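Listed here are the chains, written in short residue letters.
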2 protein chains.
Amino acid sequence: MKKEINIGLLGFGVVGSGVAQILLNHQTDLQHKLGVSVQIKKAMVRNLDKERDTKLSKDIFTTSLDDILSDDSIDLIVEVMGGTTDAKDAIERSLQAGKGVVTANKDVMAEVGPKLLKIADENGCDLFYEASVGGGIPLIRTLEDGLASDRIHALTGIVNGTTNFMLTKMKEENMSYDAALALATELGFAEADPTADVDGLDAARKMVILASLAFSTEVKLEDVYVRGIREIKDGDVELADRFGYTVKLAGTAKKDENGIEVAVEPVFLPNAHPLASVNNEMNAVYVYGDAVGETMFYGPGAGSLPTATSVTGDIVAACRNLLLGVNGKRKHAPQYERKVKDDAQKYSRYFHRIRVKDEVGVLTHLTSIYSDNGASLATVIQQMDENNETDLIIITHEISRKQHLDILDTLKQTDSVLGLSSYYRVEGE
Amino acid sequence: MKKEINIGLLGFGVVGSGVAQILLNHQTDLQHKLGVSVQIKKAMVRNLDKERDTKLSKDIFTTSLDDILSDDSIDLIVEVMGGTTDAKDAIERSLQAGKGVVTANKDVMAEVGPKLLKIADENGCDLFYEASVGGGIPLIRTLEDGLASDRIHALTGIVNGTTNFMLTKMKEENMSYDAALALATELGFAEADPTADVDGLDAARKMVILASLAFSTEVKLEDVYVRGIREIKDGDVELADRFGYTVKLAGTAKKDENGIEVAVEPVFLPNAHPLASVNNEMNAVYVYGDAVGETMFYGPGAGSLPTATSVTGDIVAACRNLLLGVNGKRKHAPQYERKVKDDAQKYSRYFHRIRVKDEVGVLTHLTSIYSDNGASLATVIQQMDENNETDLIIITHEISRKQHLDILDTLKQTDSVLGLSSYYRVEGE
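Cut-offs used in this document
- Residues numbered from 1 in each chain as written.
- Chains lettered and ligands numbered in written order.
- Predicted model: local features only at pLDDT ≥ 70, side-chain atom pairs only at ≥ 80, totals over all residues.
- Heavy atoms only, no water.
- Contact = heavy atoms within 4.5 Å.
- Buried area = accessible area lost by both parts, 1.4 Å probe.
- Salt bridge = Lys/Arg side-chain N within 4 Å of Asp/Glu carboxyl O.
- Polar contact = N/O pair within 3.5 Å; in protein donor to acceptor, adjacent residues only side chain to side chain.
- Helix = DSSP H or I, 4+ residues; strand = E, 2+ residues; numbered from the N terminus.
- Nonpolar A, V, L, I, M, F, W, Y, C, P; charged D, E, K, R; others polar.
- Pairing = 2+ DSSP bridges.
- Buried < 20%, exposed > 50% of the residue type's maximum accessible area, 1.4 Å probe, protein only.

Engineer: Could you give an account of the interface of chain A and chain B, with specific residues and numbers?
Structural biologist: The interface of chain A with chain B comprises 47 residues on the first partner and 47 residues on the second. Buried surface at the junction of chain A and chain B, summed over both partners, amounts to about 4000 Å²; 57% is from carbon and sulfur atoms. Where chain A touches chain B, the interface holds four salt bridges. Linking chain A to chain B there are 25 residue pairs in polar contact (both at pLDDT 80 or more). Of all the secondary-structure elements, those providing two or more residues to the side of chain A that touches chain B are α1 (14-25), α2 (27-34), α6 (139-146), β11 (282-289), β12 (293-300) and α12 (304-324) of chain A. For the side of chain A that touches chain B, the leading source of residues is α12 of chain A, giving eight residues. Here the side of chain A that touches chain B is built from residues that sort into 21 nonpolar, 15 polar and 11 charged. For β12 of chain A and strand β12 (residues 293-300) of chain B, the ladder comprises three bridges, and the chain directions are antiparallel.

Structure follows, in structure tokens:
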């Protein structure tokens, strides 16, 4: 019987130092839960000379992955180095060396998760990745275990803290996109290069991970319709509010007999929808199951300690399996073939804001474009702004994404249309 | 290697028939997840002749527990019969017969959970009870696994669907308590005898289960301060709203260096608090951890299929353990000694509504009672109603429950006080 479990930590940044802190501070609790002590034996970093605020001995730090993988006393690798190529490599080599892996790396899991899970299965190792989605919210475990017996047919969530923080400021404090981004950067919510966040890629990766698991099928990043918050025009957030909506960067995944559809895009959510009041850097995900109905999980989407809580939760689970000798026993082959809906099979309501020439018959002409495309309209409002320019606001009944795109194409080629100011999917009604 | 897992189902009522339905409908998915089939081999019922809407063969029904326990091919007992004495007995005997148990029985788990978990440990059996709290929300699993590495210091939640449904109707449709109860009964949310729900006992039992697990200590029902919604006076819900609050039957559990405190009582929640908008029969629980910060879990608190989802989730977990031969390996001894705070150590804000004689100096006299008890006041409002009677509304700053009770005692003995109309703890500010 093991007396201790040794961890090889890859990376000692924001999450890594949080993991070290929790393992040290909660050692007695872990000892009670597991019956053995859990400690970081070695930690891989890029620069040995960097000053680190930690109680861990300086001797445990190394720059060499081999140094860690060749240490037979190390049972478990915790990958919190971030990035893709090196991290992917490190996870793969760890599994091949017969060591279980806990990772917080959404980029890697979204890109090659199924491949890595297969390698884990082949090598009889656990590969846990709770922290890759939703920071401190135990979403992966809920989908895998808590709702294991149900058939999940939809997920809707806010899974990117940075953009949610920005959208909250844009709505509540009337900030511009640029001001909100500057504030998010200043407070450490946005990275130096915020592209992955604001362009929706980070959220798309998380939705790939969640949808794969929820629907037991392989979902690829290319299957996700992605549109970031950069496309939100000045005044849109206010305009949404005037119609009773809140703009949120929503991740949605649905499954029906035609296949799956996954999207990340700024949507109009009715103000009364519970996700509309998920603010700042918080995340929340609704899970819709055939039997359970709707459940929702809410919590901090990022941050050192929340994310580290998920990592250490995985460490506890991996340690339990190691101690029982049942590590790597859960098989990950998906149940269903990958089958993705095309745009003609994806239905929703849409909000269009069109800048038009103020001339006779323009309304009749434009609405005929909708009816020619088989789209019926729920709301049509023609309004003149302070510059004497006219906006046509249209909210459709349910149409396919193909109809929506076809209409946009036709509008762009229409003489009386000066520009398509903005468009949003209307979610959750 | 097992080819199938056989279940003995105890009870075939609302939850039991839901479990049977999910196991039948999702058999392919379960087969994929577990690699074996899972089926109900026998089901114990009270009356064999009752017509049942099920695809299960009539032959599997029996009235004898012995019949099930003596069947060596049955691996797992699922107790959904409800009640206490018989259910407790059946769980105990099942465990002693070496069979794992999944139960949805909060009454039994709140009363003798620690004892049963000990018997399970001694007999190398699993005892899972996810469905005992929060219907379809995987709360137990989240506290045990997802947040395993964190130290939880507080829980706040709405854990009784019946009373939450009633309070929603009382607030949103101005229904009286009696009308709301009648509607809840008619819709099947309230049982023929609603005592356990409206008097807070059902919620208290759930808080016992959650607090024991969250704080890794034994919590007894007698440790819980319980006050039901029957004590809500006409006009209170409206009055709360006028001050920006919503009345909810909240379960709260807190832990600090002085010990734990657990309460179930109608509280004033600020309207902006997310729990204030958890409506109808839905449940939601906030979990506050040292590292994770706040997380929230929301879903249906009751109902056949939601509850059955939790039961079958437990069945999947128990089957996995059985197949790996690691059933009964998780030990349940609590980490901490039972240590309960006394009323002088429990702090909160309070709302008092006092009917007073309209005479000179009454305000000065009454507020002096508060200051004599060391309580400072946040809000004092004197108002006359349509019958020319005067209400004094007082909201205190933080005081102990002892101060609150002492003040109530003194007020009752005060001449100018005609009656203490109502009082509430103010939560979540």
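Engineer: Mind laying out the pattern of salt bridges, listing which residues take part and the relevant values?
Structural biologist: Residues and elements named next belong to chain A. With the rule as written, the count across this model stands at 66 salt bridges over all chains. K171 is paired through a salt bridge with D241; the nearest N and O atoms lie 3.4 Å apart. With K171 in helix α7 (residues 161-172) and D241 in helix α11 (residues 236-242), this pair connects stretches of sequence that are 70 residues apart. The class of K171 is partly exposed, set by a relative accessible area of 29%. On the basis of relative accessibility, which here comes to 39%, the residue D241 falls in the partly exposed class. Its salt-bridge partner being K346, residue D343 comes within 3.4 Å of it at the nearest N-O pair. Assessed through its relative accessible area of 28%, D343 is described here as partly exposed. For K346, a relative accessible area of 8% puts it in the buried group. By sharing partners, the salt bridges in this structure join K41, K42, D67 and D71 into a single network.

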